[in-house]
Amino acid sequence: MITSTDNDRAAASNADRVLIFDTTLRDGEQSPGASMTLEEKLEVADLLDALRVDIIEAGFPVASEGDFEAVLEISKRVRNATIAGLARAGAKDIDRCAEAVRGAARPRIHTFISTSPVHMKYKLQMAPERVLEMIASSVTRARNHVADVEWSAEDGTRTEHDFLCRCVETAIGAGATTINIPDTVGYATPEEYEALFRMVRARVPNSDKAIFSVHCHDDLGMAVANSLAGVRGGARQIECTINGVGERAGNAALEEVVMAMRTRADALPFHTQIDARLLTRASKLVSAVTSFPVPYNKAIVGRNAFAHESGIHQDGMLKNAHTYEIMTPESVGVAKTSLVMGKHSGRHAFKEKLKELGYELGENALQEAFKRFKDLADRKKLVYDEDLIALVDDEIVQRHDHIKVAALTVIAGTNGPQSAALTLDIDGEKKTHQATGNGPVDAIFNAIKALTPHEATLELFQVHAVTEGTDAQAEVSVRLCEDGKSVTGRGADPDTLVASARAYVAALNKLIAKRGKTKPEAMQAG
Ligand code: KIV
Ligand code: ZN
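Residues numbered from 1 in each chain as written. Chains lettered and ligands numbered in written order. Predicted model: local features only at pLDDT ≥ 70, side-chain atom pairs only at ≥ 80, totals over all residues. Heavy atoms only, no water.

1. Remarks on the domain arrangement of the protein
Defined as follows: Domain start and stop points were drawn from an automatic or database domain assignment. Contacts: residue pairs with any heavy atoms within 4.5 Å of one another. We define buried area as the total accessible area lost by two parts upon association, computed with a 1.4 Å probe and summed across both. Any Lys or Arg side-chain nitrogen found within 4 Å of a carboxyl oxygen on Asp or Glu counts as a salt bridge. Definition of a polar contact: a pair of N or O atoms within 3.5 Å, with one able to donate and the other able to accept a hydrogen when the atoms are protein atoms, and with sequence-neighbouring residues admitted only if both atoms are side-chain atoms. A run of H or I in DSSP becomes a helix once it reaches four residues, and a run of E becomes a strand once it reaches two; helices and strands are each numbered from the N terminus. Any residue outside Ala, Val, Leu, Ile, Met, Phe, Trp, Tyr, Cys, Pro, Asp, Glu, Lys and Arg is labelled polar, Gly included; the first ten of those are nonpolar and the last four are charged.
Partitioning the protein into domains gives domain 1 (16–290), domain 2 (307–396) and domain 3 (400–523). The C-alpha-based centres of domain 1 and domain 3 are spaced at 36 Å. Domain 1 puts 10 residues into the contact, and the matching count from domain 3 is 9 residues. Overall, the association of domain 1 and domain 3 removes approximately 710 Å² of surface from exposure, summing both partners, and the carbon and sulfur fraction of that is 53%. Broken down residue by residue, the surface that domain 1 buries against domain 3 is led by Gly-33, Ser-35 and Glu-39, which jointly contribute 53%. Scanning the region where domain 1 abuts domain 3 turns up 1 salt bridge. Taken together, the links from domain 1 to domain 3 amount to 5 residue pairs in polar contact (both at pLDDT 80 or more). Counting residues per element, the ones that place at least two in the side of domain 1 that touches domain 3 are helix 3 (38–51) and helix 12 (279–290). Among the elements that make up the side of domain 1 that touches domain 3, the one with the highest residue count is helix 12 (4 residues). Within the side of domain 1 that touches domain 3, the residues separate by chemical class into 3 nonpolar, 5 polar and 2 charged.

Shown next, in the form of structure tokens:
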């Protein structure tokens, strides 16, 4: 029998439920160099769904064919989360977005327009009254396509309060079901942001008809604090990204807002439905596909987040883990032991280990990954979880690439010039070139350029060791820029030079995908 107390409890717990709106694939992907291929976006979307985010913002359909296709495919594939597409206030944006999300089990159109004086005057060059008309017409148009419409006041935190209230009332009146007030430029303080939500909810007569949402950028390092403050002010949706990737300094990090509410439920009595045990896995996948390294000291998912180095801390931990640990590593998916695999580990053990790390690979991918694991185990005595994660992520990222590194021999040392003989597999055809350079990496990159002529410039070359020891795998990131657009590629191998070649080639593959062309001949233009 359901009692009124049960009902009260359910209502209270619903009132405290915060929806998680992940925008890694939209705001995150807008971050310079973070672009992902379609296959990578699908991989991330699957994991976000498994993580149980409520809404996945899959892209900005009108922005490019690639974005449209990604939103379309993710809509067809994801069965649990709501799929949102972003649209400006114009009819073309909204209709294109509707077309992209139509196949979703739960489609959402997220439409926005700037409302601050500086944006309206200089960016939109529109009078406030015209902006109000645009809000009404865009939300109405979106509602004619779908029942779930989110409206955002871009630069909301720098918008005059009276005008913001009129905008919100107009959007809700036209049928918006979620109202987002973003801190677009990362300017707000937590106190101001909380008060803003309280003010809007109190003053707008129809505010009870919509869910309020926060969307915070991290320009002053306050995105997470601001998001939580907004929730205290009455918002019940947080827009955030894995690892905090996003425009400029990024967005609020999903793993941080979720774990803050879980760990400090006493101070933040709100809950989400996120399966936190997948947070580490999600962080690693997003780092792999964007090639943005996670800082060692990053909260929740950084390599050192649960490491206790000093003697005093280690002593305390041995006596009682609560001395220095406010949440367990297992609760966010850090495996208890970094169990070592070796060259005698079989296919079954390998598959089980991957499962434990959160990977379910198809037969072909598993076969390829196992081959690379055996090769690694032959060269490296101890294979740690981190090694396997780097290896499998590499495999996932490169599975659909047109260009692959097939063989590499390098001559390096004190007597130059250093040279590299490189064989690339280009759509199944092997091509070899020998090049010299100012050092072995330069020689390798020259060989790649000779085999795939292109005008992209190298913006970043970065190496870090996956584990400790001189036989550790190297993880290399390479950022290339073409026509003002940057892409980043990543490669891992115990040989730093092979990892460098893989990273450069991974970035090239992304450039090809970004141009919307599928053939490597595309590289030969210009
Ligand atoms: O930061 C921002 O204002 C945005 C909107 C489009 C929601 O990303
Ligand atoms: Zn944003």
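Having seen the model, we can carry on.
2. A look at the site of ligand 1
The criterion, for reference: Residue proximity to a molecule or strand is established when one non-hydrogen atom of the residue lies within 4 Å of it. Residue burial considers only the protein chains on display, and all accessible areas are found by Shrake-Rupley using a 1.4 Å probe.
Near ligand 1 the following residues occur: Arg-26, Asp-27, His-110, Phe-112, Ser-152, Glu-154, Asn-180, Pro-182, Thr-184, His-215 and His-217. At 3.1 Å, a side-chain N or O of Asp-27 approaches an oxygen atom of ligand 1. Alone, ligand 1 offers 260 Å² of accessible surface; in the complex the protein occludes 93% of this. Split into classes, the residues belonging to the shell around ligand 1 amount to 2 nonpolar, 6 polar and 3 charged.

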